[in-house]
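Below are the chains, spelled out letter by letter.
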Amino acid sequence: MTKSFHKREIKKVVIANRGEIAVRAIRTCKELGIKTVAVYSEADKDSLHVWLADEAICIGPPSPQDSYLNIPNILSVAEITGADAVYPGYGFLSENPKFAEIVEANGLVFIGPKPQTLRLIGNKIKAKQVAKQAGVPTVPGSWRRTTLAEALDIAYEIGYPVILKAAAGGGGRGMRVVYSEKELREKFPLAQSEAKVSFGDDTIYLEKFLLKPKHLEVQILADQYGKVVAVGDRECSIQRRHQKVLEEAPSSSIGEEIRKNLYEAAVKFAQAVGYIGAGTVEFLYDIQSGNFYFIEMNGRIQVEHPVTEMVTNVDLVKWQFLIAMGEQLTLEEPIRTDGFALEMRVNAEDPNTFVPSAGKVERLLLPGGFGVRVDTHLYQGYKVPPYYDSLLAKIVVWANSREELIKRAVRVLDETIIEGEGLKTNLDFHRFILQTKEFKEAKHHVKLLEELGY
Ligand code: ADP
């Protein structure tokens, strides 16, 4: 199924998501004059996206499988309401090539890349092969489905530790670090069976495990006519168990030369997969050698996209819609950035155990002032349901210098109140992160939180 290269009108869109990203997309649609249809599960009937959309239709019980992942129900909503497009957001069906295909086969616009692109980049080994062919550096390791015997040979050659990855993995899942030959023999079959159970595909490959890399990524926008633009970089090295916690733009760890090379590599990769829309090319950066390595491309809007919007003034979600409608990308490179931004992911979770929490928001005070943006679906009285991602709000801060940025972020945390019985948040964890010496000096890396006992 190929996307046709012509202008397509979008008058009404089904927002196939929930939470803050559904709210984010509805706001942009209002500004573009596009009518919105919210879908919601029974657990989300009082959710903000339901209130803000022009129409709202319940698509099933709380379980994601029965609601936000229920393709026939979402398509029925499009049909009943006469919508002409579907916006997938992130998570749920956003990177599902079958969903993109079915949406298009039903004569609707899928606001995202082509199904074949999603299929290609959704397989991390295939993506690595494309990167290699395109001359984009990748982490040393295997290039195809790997057997235990091959893994042992490759690990011997590149040296331990190595990381085993599920080709179909994502969201920080499906990875195991291995420190010795003995451990590799033990863990390889476990990684295979785990991948089969979790992702329905037992394909495993391995990579050299970089010791203290930084996670850098490049925001891409690409139109239907072959124009691909790098819209700035982000650093997402503050991670807990491979999950991003706090992100910033631009990265303070690289100079102009590496930045230029990074953008070129990202654009080359996006071109090689025929990318259309907003996407993110992710890299690991080795501080000692100054080398960067492609790890994957995400074919959707990223949770952390607002930090890029804050420093570039480019509305990425608006561009997703314009590109899907067949508009030409009018942004000129290099995109000018101004100042520094960071995003704190405020999660509903126990501050000690990190176990997700749920409950009613009884006291809410969101921060404000110069250089502050909050993307959230919270309101006073809202009941956080236990069924979904624990993200409650993204507190985004902008400043002229990184030093000022950190001070402003602390000020913002000091005034934020999100409280309710049973409801716990990671606001204090963010305060802790901002005050670590490593973060203040921009010497943080993806293993920092683990080293600090998290
Ligand atoms: P996912 O698709 O699950 O997000 P990625 O391949 O993007 O997985 O990796 C997520 C994170 O895992 C990286 O940001 C980094 O912290 C860690 N990681 C992945 N590959 C390596 C590697 N080769 N060496 C060290 N850390 C890695």
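As annotated in an unreviewed UniProt entry, the protein carries the name Biotin carboxylase and comes from Aquifex aeolicus. Quoted verbatim from the Pathway (unreviewed entry) field of UniProt, the annotation for the protein is "Lipid metabolism; malonyl-CoA biosynthesis; malonyl-CoA from acetyl-CoA: step 1/1." Under the heading Catalytic activity (unreviewed entry), UniProt records this for the protein: "N(6)-biotinyl-L-lysyl-[protein] + hydrogencarbonate + ATP = N(6)-carboxybiotinyl-L-lysyl-[protein] + ADP + phosphate + H(+)".

K.L.:
Help me understand the pattern of salt bridges, please; the structure alone is not making it clear to me.
P.N.:
For the structure shown, the criterion picks out 43 salt bridges. Close ionic contact of glutamate 282 with lysine 244 constitutes a salt bridge, the shortest N to O distance being 2.8 Å. Highlighted residues: glutamate 282 in strand S12 (residues 277–286) and lysine 244 in strand S11 (residues 243–249), separated in sequence by 38 residues. Both residues of the pair, glutamate 282 and lysine 244, count as buried. Between glutamate 309 and arginine 373 there is a salt bridge; the shortest N-O distance is 2.8 Å. With glutamate 309 in helix H10 (residues 305–312) and arginine 373 in strand S17 (residues 372–376), this residue pair connects regions lying 64 residues apart in the sequence. The network of salt bridges with common partners includes Glu217, Arg234, Lys244, Glu247, Glu282, Glu304, Glu343 and Arg345.

K.L.:
Just checking my understanding: could you explain empty space enclosed by the protein for this structure?
P.N.:
If a probe the size of a water molecule is rolled over the atoms, the empty space left behind becomes visible. This model, assessed by the stated rule, comprises three cavities of 30 Å³ or more. Considering the residues around the second largest cavity, the lining is formed by Pro88, Gly89, Ser94, Phe110, Ile111, Gly112, Pro113, Ala278, Gly299, Arg300, Ile301 and Gln320. Looking at side-chain class alone, the lining of the second largest cavity contains six nonpolar, five polar and one charged residues. Each of domain 1 (12–95) and domain 3 (214–451) accounts for three or more of the residues forming the lining of the second largest cavity.

K.L.:
What am I meant to see in the site of the ligand here?
P.N.:
The local shell around the ligand holds 21 residues, among which Lys165, Gly172, His215, Gln239 and Glu296 are the closest. Between the ligand and histidine 215, the relevant distance is 2.7 Å, taken from an oxygen atom to a side-chain nitrogen or oxygen of the residue. Contributing elements (two or more residues each) for the shell around the ligand: strand S6 (162–170), strand S7 (173–178), strand S8 (204–208), S12 and strand S13 (291–298). When residues in the shell around the ligand are grouped by element, the largest group, three residues, is from S6. Taken together, the residues of the shell around the ligand break down into eight nonpolar, six polar and seven charged. Residue-level mapping places the shell around the ligand at the junction of two domains, with at least three residues from each of domain 2 (140–208) and domain 3 (214–451).

K.L.:
In this structure, what is going on with the UniProt feature "domain: ATP-grasp" (unreviewed entry) in the protein? I would like to understand it.
P.N.:
Mapped onto the present numbering, the UniProt feature "domain: ATP-grasp" (unreviewed entry) falls on residues 128–325. Helix makes up 35% of residues 128–325 and strand makes up 34%, while its end C-alpha atoms are separated by 30 Å.

K.L.:
Hey, could you run me through the pairing of strand S19 (residues 391–399) in this one?
P.N.:
Put simply, side chains in a regular strand alternate between the two faces of the sheet. Within S19, nine of the nine residues are buried, which leaves it mostly tucked inside the rest of the structure. The pairing of strand S14 (residues 340–347) with S19 spans eight bridges and is antiparallel. Each residue of the ladder has a partner; that of arginine 345, found in S19, is lysine 394. Here S17 runs beside S19; their pairing, made up of five bridges, is antiparallel. Each residue of the ladder has a partner; that of threonine 376, found in S19, is alanine 393.

K.L.:
How should the sheet that holds strand S10 (residues 228–240) be read in this particular structure?
P.N.:
Two pairing modes exist for strands in a sheet, parallel and antiparallel, and in both the strands are linked by backbone hydrogen bonds. The strand order S13-S12-S9-S10-S11-S14-S19-S17 describes an open sheet built from eight strands, whose pairing is antiparallel. The two strands at the open ends of the sheet, each matched to only one other strand, are S13 and S17. Averaged over all adjacent pairs, the angle separating strand axes in this sheet is 25°, with direction ignored.

K.L.:
Would you take a moment to explain the sheet that holds strand S4 (residues 85–87) for this structure?
P.N.:
Strand order in this open sheet of five strands is S3-S2-S1-S4-S5, and the pairing throughout is parallel. A strand with exactly one partner marks an edge of an open sheet, and here the two such strands are strand S3 (55–60) and strand S5 (109–110). When strand S2 (residues 35–41) meets S3, the two strands line up parallel, connected through five bridges. Its bridge partner lying in S3, tyrosine 40 is registered against cysteine 58. Together, strand S1 (12–15), S2 and S4 form the strand contacts of helix H1 (residues 19–32), whose direction differs from that of S1 by roughly 170°.

K.L.:
What is the right way to look at the domain arrangement of the protein in this model?
P.N.:
How big an interface is tends to be reported as the loss of accessible area on association of its parts. Taken domain by domain, the protein comprises domain 1 (12–95), domain 2 (140–208) and domain 3 (214–451). Taken residue by residue, the interface counts six residues in domain 2 and five residues in domain 3. One can count zero salt bridges joining domain 2 with domain 3.

K.L.:
What should I look at first to understand helix H13 (residues 427–434) in this one?
P.N.:
Given 3.6 residues per turn, any residue in an α-helix points the same way as the ones three and four places further on. When we look at burial in H13, the residues that qualify are Leu427, Phe429, His430, Ile433 and Leu434. Each buried residue of H13 sits inside an arc of 155° when the element is viewed along its axis, so together they form one side.

K.L.:
I tried to follow the environment of isoleucine 125 on my own but got confused; where do I start?
P.N.:
Along the chain, isoleucine 125 falls in helix H6 (residues 124–133). In sequence terms isoleucine 125 and glutamine 288 are 163 residues apart; their C-alpha atoms lie 26 Å from each other. Setting aside its immediate chain neighbours within four residues, isoleucine 125 contacts Trp143, Arg144, Arg145, Ala167, Thr203, Ile204 and Tyr205.

K.L.:
Teacher, can you tell me more about the side chain of lysine 214 here?
P.N.:
Assignment of secondary structure puts lysine 214 in strand S9 (residues 214–222). Judged by relative accessible area, lysine 214 falls into the buried class, the value being 2%. Reaching out from lysine 214, the side chain makes a polar contact with the backbone oxygen of alanine 442 at a distance of 3.1 Å. When residues no more than four places from it in sequence are discounted, the contact partners of lysine 214 are Glu235, Ser237, Ser253, Phe283, Leu284, Tyr285, Ile287, Ala442, Lys443, His444, His445 and Val446.

K.L.:
I keep staring at the layout of surface pockets and nothing clicks. Help me out?
P.N.:
As a volume, the second largest pocket reaches approximately 320 Å³. In terms of lining residues, the second largest pocket is bounded by 15 residues, among which Arg259, Lys260, Tyr263, Pro334 and Ile335 are the most central. At the level of elements, S10 and helix H9 (256–272) are the ones that each hand at least two residues to the lining of the second largest pocket. Considering each element in turn, the lining of the second largest pocket owes the most residues, six residues, to H9. Along the lines of polarity and charge, the residues of the lining of the second largest pocket split into six nonpolar, two polar and seven charged.

What counts, and where the lines are drawn
- Residues numbered from 1 in each chain as written.
- Predicted model: local features only at pLDDT ≥ 70, side-chain atom pairs only at ≥ 80, totals over all residues.
- Heavy atoms only, no water.
- UniProt positions renumbered as here; feature names shortened; annotations may be inferred.
- Salt bridge = Lys/Arg side-chain N within 4 Å of Asp/Glu carboxyl O.
- Helix = DSSP H or I, 4+ residues; strand = E, 2+ residues; numbered from the N terminus.
- Buried < 20%, exposed > 50% of the residue type's maximum accessible area, 1.4 Å probe, protein only.
- 1 Å grid on protein atoms, 1.4 Å probe; cavity = no way out; pocket = protein on both sides within 12 Å on 5 of 7 lines; lining within 4 Å.
- Points joined across faces, edges and corners; volume = space filled by probe spheres on them.
- Nonpolar A, V, L, I, M, F, W, Y, C, P; charged D, E, K, R; others polar.
- Domains from an automatic or database assignment.
- Near = heavy atom within 4 Å.
- Polar contact = N/O pair within 3.5 Å; in protein donor to acceptor, adjacent residues only side chain to side chain.
- Pairing = 2+ DSSP bridges.
- Axes fitted to C-alpha atoms, helices over the stretch in contact; angles between N-to-C directions.
- Contact = heavy atoms within 4.5 Å.
- Arc of directions from axis to C-beta.

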